[in-house]
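Single-letter residue listing:
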Amino acid sequence: MTTAQIIVTLGGIALGFFIAWFFWFAPKGQTRAAMSATGAQEVAITVKGGYTPDVIVVKSGRPVRLTFTRQESSACSEEVLFPDFNKSSLLPEGQPVTLEFTPEKPGEYGFQCKMGMLRGKLIAE
Amino acid sequence: MTKKDPVCGMEIDPDTVFASREHMGQKFYFCSEDCVGKFDTDPHRYAMATSATTGVNPELSLAQLNIPIQGLKKNSDSVQLESSLKAQSGMSRVVVNRAAGIAQVTYDPKVITLTKLAELVRSAGYQIGGTQTRIGIQNLRCASCVKFIEGELRATPGVLSVSVNVATQEATVDYLPEKTTLADLNTAIESWGYKPNPATSEEPIDKQQAAHEKEYRRLMNRFWFAAFISLPVLVTAYSKFVPFVRDWSMETLRLAWGMTALLTLPVLFWSGSDFFTGAWAALKHRSANMNSLIALGTAAAWLYSTIAILFPSIFPEGTSEPFYDVVAVVIALVVLGQALELRAKGRTSEAIKKLMGLQAKTARVVRNGQELDIPVEEVLVGDVVQVRPGEKVPVDGLILEGSSAVDESMLTGESLPASKRPGDEVIGATLNKTGAFKFRATKVGKDTALAQIVKMVQDAQNSKAPIARMADKVSGYFVPVVMILAVLTFILWFDFGPQPQLVYALVTAVTVLIIACPCALGLATPMSLMVGIGKGAENGILIRSGEALQTAQGIKIVILDKTGTITKGKPELTDTVLAAAWQENDLLHLAASVERSSEHPLAEAIVEGAKAKGIALSEPSAFEAVPGFGVIATVDGRRVVLGNLKMMNREKINLGDLEQKATSLADDGKTPMYMAVDGQAAGIVAVADTVKEDSAEAISALQKMGIEVVMITGDNQRTAQAIARKVGVDRVLAEVLPEDKAKNVHLLQAEGKLVAMVGDGINDAPALAQADVGLAIGTGTDVAIEASDITLIKGSLKGVVTAIEVSRATMGNIKQNLFGAFIYNALGLPVAMGVLFPFFGILLNPLIAGAAMAFSSVTVVGNANRLRSFKPKFSVK
């Protein structure tokens, strides 16, 4: 084995571990929902290539109001689904769309675009 | 005598007032400088609000309003709403009517604005159920005009909230249609010199279609550009095979390559910009998707190529050739794939479009004695709506006057038009055939049967089938795994591959990135679900969720409730047995005339039966009902006795062989009634809850599908067996109390099979909920039956067969898709990595990988579209 090969091999293995760590094990940033005057937990989410923010922490048992604004025309993200709450909505480009529901039980609830390419998570505490 | 200050309403002594004014021949007194100042700026407004004799005119200054409140019915606690409304100053009366979903408020519009009211309702946790509309505003460019238009709209009476969006050039207005109309809103916009787009209420589905069309054009532009650039790029990349170009010197070629490097840049960053923005957005969230793979693959190819032509010396001999072709062609192909996918996707929502197309666009309502043509969205509960022959019924309601025949086939599948009289229910979107009528709207907007059907279908189309969860799990890990595989491929080829190792390592790694297609996995289930559930809806079957659809395919036992499910649920005249010398028509004439005065369902059956035979009835006299026995009356001067055996014994009638005939009728599940005229036995009339015409056919179809059919009923064994024989059911659970039905379902489930229960959704709700799949037979406007997983809006048992067929076809399609997507990736990835190379010397060209990836997801959508040609065994109509 040449030196180059050894470097590439070691570097590659390191890169492999880095990818695994980066996508699966590294802690993700979380956004805590702000409590509005009326007691609803409100979060504004931008949809562009992904959901920003994509990990949202809320309190269970209180209404959650999520306002999605889609800022792209790619058809993939035209709909957002909350399968656990049987909620879904079309997101016309540039138009804020508000989804409202109450997570009764603590837990993690995923949300996603129709084909599951973009994903986010709602954590109810 | 004190006077009232018209501004603040304070009672003041005219002798000690701060100031006074004359307006329109009337004198007004003021308590303070503030009040008189206000009056001076707008005297008319304050003068009009008062009357000279009573001070404040209650009719002018207090407004009464019915605010439709959403969600009021479900939440039983409306105290908070009431108290928070009452706490507002200027509010004089609040009545919350939960049953009607309305808060009736009497308030002072000078103190409380509608916007404020809306805010109060919202802060109490409710939504105002007004109408929302979006009005396009042409050429809205300046942000400052937004304020004016918003202000003007807000000042329009009845408007709850307004937001004008410059970016979309649209005003979103929530308003109470009883206070204002679309025309008023348009006028408000026009008053600022802007032209509203024809404010026809646009269906979201049309909007979506328009957005798809736009997106398709955008993608195609990008594709054509990338395809155009690909041509010269391909020529230089495969220069050895192109005549004339192959004679170019190395220097010329290198220069040409430099040109293609520049040419492919706009392909990367314009045609392929979605991949890069998407990949970046995903990266920021520590996630990865298809965009990440394409972006990585093409970027790596471009970077390598560019370094190779700029600094050929740092690479080993023979490895400094670029492959820009991968960049241009792969992006062109993937973008084309996305465009084609979009086209194919559009067809999957056809069923919903068809349903929405049924909706009438306008309604003619009678308000204040005037007929108004208004958009159907503005019809309110309680409006009187006029419908002429040939028109669609706009919303659900009850007929007030007039009569007609209404074609309801689009919603109920009943091919014969239903005759409608005052008091009958009419359903929105059905077609009025013959007469004109007026009806009172009972359900409008989101509450109409059609809107609920559409909503249910859409929700179901977007729900998740359990089978998709596996694909979801996989796709969560898929992309990073592919990246790791690409790195591994690079290492293996770099360490053990043939010369030039660097080129092989890079090409294979890029191919791995490009061929992997997580999209096909993600699309597999939702696309088929969309088509399958839509197909169900077209055939009158509303499937509530993907889970219900998936479970329905494995049904092994179907339990059918007898009354109303297998049978019509309404007794009918079935047989007459005649004693000597009697004619059937005479017998029925007497029997029906007697029963005319009775309200018993069996009596109604006899009257209906006689009428159906065209027999005229006489007026009975001396009518007497003997509970538990029967009835006695005099018809045409003859004493007629109609009743059971006990009645005949009481009257001491000699029955002869009639008694035996009655027993055999009873064995057939019928209810025989003896008839005696003037003390002599005249015959038997028998009524029975008859079996629906198509029940037997549907049951035999189920049995042919390998499903065991069980009948459940509260009736006695003898009646139950008789019906069961008629329709071909072997297993009968008779004499089951309504509350025990769920338990019986559970017992059948204990046999370890998937059990479906078919019932009416009201009495059978617990049993429907207990079953693995609950199918409710819906009638009329009552489609959203909570307890059911599947609603059959056509009332026929054939729907059960079709529901299972749809489920099986859809699940089959999903499995094909998932299998295809898995196999594609499971075969494609190793081939791209080069497993075939050591044995056959075959290596996958990255261009082919790009094509395969682009068309794999198109194939999935295409396969889902195949479901559109699904034909149920029993076609409707």
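In the block above lies the structure referred to throughout.
Residues numbered from 1 in each chain as written. Chains lettered and ligands numbered in written order. Predicted model: local features only at pLDDT ≥ 70, side-chain atom pairs only at ≥ 80, totals over all residues. Heavy atoms only, no water.

**A short note on the overall build of chain A**
Then step 1. For chain A, the helix and strand inventory stands at one helix and eleven strands.
Then step 2. Helices and strands in chain A line up, N terminus first, as α-β-β-β-β-β-β-β-β-β-β-β.
Then step 3. Against the globule reference of 14 Å for 125 residues, chain A gives a C-alpha radius of gyration of 19 Å, more extended than a compact globule.
Then step 4. Seen through its C-alpha atoms, chain A measures out along the principal axes to roughly 65 × 35 × 25 Å.
Then step 5. Considering chain A as a whole, with its 125 residues, one finds that 50% of them fall into the buried category.
Then step 6. Within chain A, counting contacts between residues at least 6 apart in sequence, those at least 24 apart form 53% of the total.
Then step 7. Total accessible area on chain A is roughly 5,800 Å²; 59% of this is exposed by carbon and sulfur atoms.
Then step 8. Computing the positive centroid from 12 side-chain charges and the negative centroid from 11, chain A places the two 4 Å apart. (Helix = DSSP H or I, 4+ residues; strand = E, 2+ residues; numbered from the N terminus. Rg over C-alpha atoms; globule rule 2.2 N^0.38 Å. Buried < 20%, exposed > 50% of the residue type's maximum accessible area, 1.4 Å probe, protein only. Contact = heavy atoms within 4.5 Å. Areas by Shrake-Rupley, 256 points an atom, 1.4 Å probe, with all protein chains shown as cover. Lys, Arg positive; Asp, Glu negative; His and termini not counted. Charge placed at Lys NZ, Arg CZ, Asp CG, Glu CD.)

**Structural notes on the sheet that holds strand β19 (residues 418-420) of chain B**
Residue and element names in this part refer to chain B.
Then step 1. What the three strands build is an open sheet, ordered β19-β18-β21; its pairing is antiparallel. Looking at strand neighbours, the two that pair on one side only are β19 and β21 (431-432), the edges of this open sheet.
Then step 2. In this sheet, β19 lies alongside strand β18 (residues 404-407) in antiparallel orientation, the contact comprising three bridges. The residue bridging A405 from the neighbouring strand is S419, located in β19. (Pairing = 2+ DSSP bridges.)

**Here's the deal with the packing of aromatic side chains**
Then step 1. Summed over all chains, the structure comprises 25 aromatic pairs over all chains.
Then step 2. Between A:F22 and A:F23, the ring centres sit 5.1 Å apart and the planes meet at 90 degrees, which makes this aromatic pair edge-to-face.
Then step 3. Looking at A:F23, the relative accessible area reads 12%, which means it is buried.
Then step 4. Through a chain of ring-to-ring contacts, the aromatic side chains of A:Y51, A:F68, A:F82, A:F85, A:F101, A:Y109 and A:F111 assemble into a single cluster.
Then step 5. Positioned above the aromatic ring of B:F629, the side-chain terminus of B:K646 is 5.3 Å from the ring centre.
Then step 6. Its guanidinium or amino end placed over the ring of B:F629, B:R650 lies 5.6 Å from that ring's centre, counting from NZ or CZ. (Phe/Tyr/Trp six-rings, centres within 6.5 Å; stacked < 30°, edge-to-face > 60°. Lys NZ or Arg CZ within 6 Å of the ring centre and 35° of its normal.)

**Focus on the side chain of B:D383**
Then step 1. Looking at the secondary structure, you find B:D383 in the loop between β15 (370-375) and β16 (384-387).
Then step 2. With sequence-adjacent residues up to four places away left out, B:D383 is seen in contact with B:V365, B:R367, B:E378, B:F439, B:R440 and B:A441.

**Some words on the packing of helix α13 (residues 350-357) of chain B against helix α15 (residues 449-462) of chain B**
Residues and elements named next belong to chain B.
Then step 1. Remark: α13 packs on α15, axes separated minimally by 10 Å, with the N-to-C direction vectors making an angle of 170 degrees. Judged by the angle between their axes, α13 and α15 are roughly antiparallel. The residues of α15 that touch α13, namely those facing I352, L355 and M356, are L450, I453, V454, V457, Q458 and Q461.
Then step 2. When grouped by side-chain class, the residues that make up the contact of α13 with α15 number seven nonpolar, two polar and no charged. (Axes fitted to C-alpha atoms, helices over the stretch in contact; angles between N-to-C directions. Parallel < 35°, antiparallel > 145°, perpendicular 65-115°, else oblique. Nonpolar A, V, L, I, M, F, W, Y, C, P; charged D, E, K, R; others polar.)

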